[in-house]
Amino acid sequence: VGCNFYIRPMGASVEREVERLDAEGYARRFLWVNTALVELLGVEAVGFALDLVGEDCPLCCATFCPGERVSVVALSMSQVLGDMWSFFQLLRCWDEELHEPGSSA
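Residues numbered from 1 in each chain as written. Predicted model: local features only at pLDDT ≥ 70, side-chain atom pairs only at ≥ 80, totals over all residues. Heavy atoms only, no water.

Now for the nonpolar core. Counting residues in each nonpolar core, the largest one holds 8 residues, listed as M10, V14, V18, V33, L37, L41, C65 and V72. Among the secondary structure elements, those contributing two or more residues to this core are helix 1 (12-20) and helix 3 (30-41). When residues in this core are grouped by element, the largest group, 3 residues, is from helix 3. Setting aside anything within four residues of it in sequence, one finds V72 in contact with M10, V18, L41, T63, F64 and C65. (Core = buried A, V, L, I, M, F, W, Y, C linked by side-chain atoms within 4.5 Å. Buried < 20%, exposed > 50% of the residue type's maximum accessible area, 1.4 Å probe, protein only. Helix = DSSP H or I, 4+ residues; strand = E, 2+ residues; numbered from the N terminus. Contact = heavy atoms within 4.5 Å.)

Below, the discussion takes up the sheet that holds strand 3 (residues 71-77). Taking strand neighbours across the sheet as the criterion, the 3 strands line up as 1-2-3 in an open arrangement whose pairing is mixed. The strands lining the two open edges of the sheet, one partner per strand, are strand 1 (4-7) and strand 3. Each strand of the sheet is rotated relative to its neighbour by a mean of 15°, with strand direction disregarded. Where strand 2 (residues 60-66) lies against strand 3, 7 bridges are found, and the strand directions are antiparallel. Residue pairing in the sheet places C65 in a bridge with V72 of strand 3. Strand contacts of helix 5 (residues 84-99): strand 1, strand 2 and strand 3, with the helix running at about 140° to strand 3, the strand carrying the most contacts. (Pairing = 2+ DSSP bridges. Axes fitted to C-alpha atoms, helices over the stretch in contact; angles between N-to-C directions.)

Below, the discussion takes up the pairing of strand 2. Among the 7 residues in strand 2, 5 count as buried, and that is most of the element. Taken together, the 4 bridges between strand 1 and strand 2 define a ladder with parallel strand orientation. In the sheet register, F5 faces strand 2, and the bridge partner there is A62. Linking strand 2 back to strand 3 in an antiparallel pair, the connection comprises 4 residues.

Looking at the element boundaries, T63 is found in strand 2. Of note is the side chain of T63, whose polar atom sits 3.0 Å from the backbone nitrogen of E44. Look past the residues within four positions of T63 in its chain and what remains in contact with it is Y6, R8, G42, V43, E44, V72, V73 and A74. (Polar contact = N/O pair within 3.5 Å; in protein donor to acceptor, adjacent residues only side chain to side chain.)

Here helix 1 has its buried residues at V14, E15 and V18. Each buried residue of helix 1 sits inside an arc of 100° when the element is viewed along its axis, so together they form one side. In this fold, the buried residues of helix 1 make contact with helix 3 and strand 3. (Arc of directions from axis to C-beta.)

On to the packing of aromatic side chains, then. Enumeration according to the criterion identifies 1 aromatic pair in this entry. Centre to centre, the rings of Y26 and F30 are 5.8 Å apart; their planes meet at 85°, and the pair counts as edge-to-face. Given a relative accessible area of 34%, Y26 falls into the partly exposed group. Residue F30 is classed as partly exposed on the basis of its relative accessible area, which comes to 46%. (Phe/Tyr/Trp six-rings, centres within 6.5 Å; stacked < 30°, edge-to-face > 60°.)

Given below as structure tokens:
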């Protein structure tokens, strides 16, 4: 499974918002985090499962948003791949790539 990787530098005002989030703040602002903040960060997302069937488009994508003090990594995976085994295999491959580029190809 290919995983497109995007880099979207984080602006200072968005970074301040991210820095303010702790576990309680995330829970209280869950909808805002998963809609407005995702949009502010420019996080890429895959389409809906049925829209992807028979199409040549990614089933997974990752977005890295580096900031000056904090960074955000977001992962969007289609429900076509949505079982937990696939998810953990993807994370394992990603970890391998970080330690040894080209190892999971």
